[in-house]
Each structure stands twice: as structure tokens, then as C-alpha cells.
Amino acid sequence: MAAKPKTPAPAGSDDATTKDLVVAKETALSTEVNELDELAAAGQEFKEHLGKDDMSIPFIQILQQLSPQCTKGQPEYIKGAESSQLFNTVTTERWNTRDDDDQPTKPIRVLPITYKRSFIEWVPRAKGGGLVKEWDVDQGLSIVTARNEANQDIIQQGSPYGTPGNQLNDTHTHFVFVVREDGSYFPAVLTMSSTQIKPSKNLNSMISDTKLSNGAVAPRFFALWSVTTDQRTNDQGSWYIWKFEKAGDVQSLGLMPMFREAKAF
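Residues numbered from 1 in each chain as written. Predicted model: local features only at pLDDT ≥ 70, side-chain atom pairs only at ≥ 80, totals over all residues. Heavy atoms only, no water.

A. Expanded view of the overall build of the chain. The helix and strand inventory of the chain stands at 4 helices and 11 strands. When burial is assessed residue by residue, the chain has 31% of its 265 residues classed as buried. Residue pairs in contact within the chain that sit at least 24 positions apart in sequence constitute 50% of those at least 6 positions apart. Per element, the accessible surface of the chain, about 17,300 Å² overall, is 51% carbon and sulfur. (Helix = DSSP H or I, 4+ residues; strand = E, 2+ residues; numbered from the N terminus. Buried < 20%, exposed > 50% of the residue type's maximum accessible area, 1.4 Å probe, protein only. Contact = heavy atoms within 4.5 Å. Areas by Shrake-Rupley, 256 points an atom, 1.4 Å probe, with all protein chains shown as cover.)

Written as C-alpha cells, this is what we have:
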């Protein structure tokens, strides 16, 4: 049986098809815009009044060789997590701070907001571990400690504060905004003690030395700092410490809204 001949397309059908496609695309775009407007309006109308006390502010930590995120078998283990990476304790996001064959360095930038020094009392890990109390500077400096073989400060009998046998850490806490590549940012906390105290002091010194273009002393939340790590080694092993380098400022980078939010924080 002979094949039925194809009916030729009417003149101008290609133009009609194109117009139909354009109309359909414009309709879809219009629908998407309307939906986004509706969603945005609902986001404002039903926005919860959440404060800092209602949300978890992440800590940014340096993963070390024995960190549970790097240790198979631990509940916190994350496939691909490696020592020297920076780690967000809330989102579990990681950033590479050192180049290797597979993962190039991806430093983060931080805008320091406020800083405090305190002394943290801990139950030693061998006795179960756990946070006991945070002491202010005056109290912490009056606590009597002795350095043990593991280079830890242990509270002694007769100390006016603290429980004898517990560990005491001189701790520097930096409240910061972590700035993403697209300019968005979120609040976070960096805590430094023991061998990390020196990088903290270095950061504080660099912040104090930062000047505005007119020579005036810049506020703490003016300069942004790139965060990577340096490796340290001794007889007990190797570990990574914080490293900070200036990475611009809020004025030159067009981030004055973030500066104003930091000022109000």
C-alpha cells in the first residue's frame, strides 16, 4: 500500500509556531514572577521575630587529625573531611585552607565584630570531658593552675575559683561575619586557646593597626580578613593554627550595609 503523502504545512505556519512558543514562554515567566511576588509577600507577612537567642550561631573550627569529623567510626564522621579544613558546626560546610591535587584552597573572609577574653573550665577528657564554667578575666587570672605533661593547665587545691583537677583554658573569642563570595554573610564565632592564642593576638594587633584613608584609627569591623591555616609540628605530632591576612575593607568592597549591621550587633 502506497504511503500517504504528507500534507504540506500551511504558509506561515513556522511563524505561527514561533509566536506560540514566545507567548508560552512569556506566560511562564509572568507566572513565575507572580509566584515569586506572592512568596516574597508571604515571607514578609508571616516573618517570625527571631533574635540571636532563637537561633544557633555556628562556630567555625579548624579540623585536626583527630577531630571526630575526620575519624571513621565516629558519629560525627563526614566523608571527605580532612585536617586543615575549616568547619561550620551548624551547616557542616567545609572550606579548604591548603592546596592539594584534588581540592584547591578556598579561603573564607571574615569581618570581625567584637572580641572577648575569658577562661573556660573543663572536665578533662580522661574523666569524661565537658564544659564546667566560663570565668571572666579577673577571676581566671586568680585561679591557681599547674602545667601537666600534656601542656595543659590544671586547677590546683587551694585555688579561690574552680574545681581542683579540672582543666583551665585561656580562651579568645571572636564574633565575626563570614562573608561568602557573592557578598552575602552570616554571623559566626571563632574560639582560640592554647597554641591558637598567638594567631588571635596577631589578628588583634593587625586590627588595631588598621587605619582609614585619612589616617584615623579604623573600627574593628572595617577590614575583612582572609582565613587559612598554618601547620605546626612538635614531638607530639602536627596540627594546624589560624592564619589571617587582610582582604580589603567594607568601603572599597561596597559592603557598608554589612558594616552598619556589625555596628548595631
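B. Structural view of the pattern of salt bridges. Summed over all chains, the structure comprises 4 salt bridges. One salt bridge in this structure joins Asp-153 and Arg-147, with 2.6 Å as the shortest N-O distance. Of the residues examined, Asp-153 reaches a relative accessible area of 24% and is grouped as partly exposed. (Salt bridge = Lys/Arg side-chain N within 4 Å of Asp/Glu carboxyl O.)

C. Main features of the nonpolar core. Judged by nonpolar contacts, the single largest core of 33 residues is most densely connected at Ile-60 and Trp-242. Setting aside chain neighbours within four positions, we find Trp-242 in contact with Ile-60, Gln-61, Ile-62, Leu-86, Leu-190, Thr-191, Met-192, Gln-196, Pro-199, Val-227 and Thr-228. (Core = buried A, V, L, I, M, F, W, Y, C linked by side-chain atoms within 4.5 Å.)

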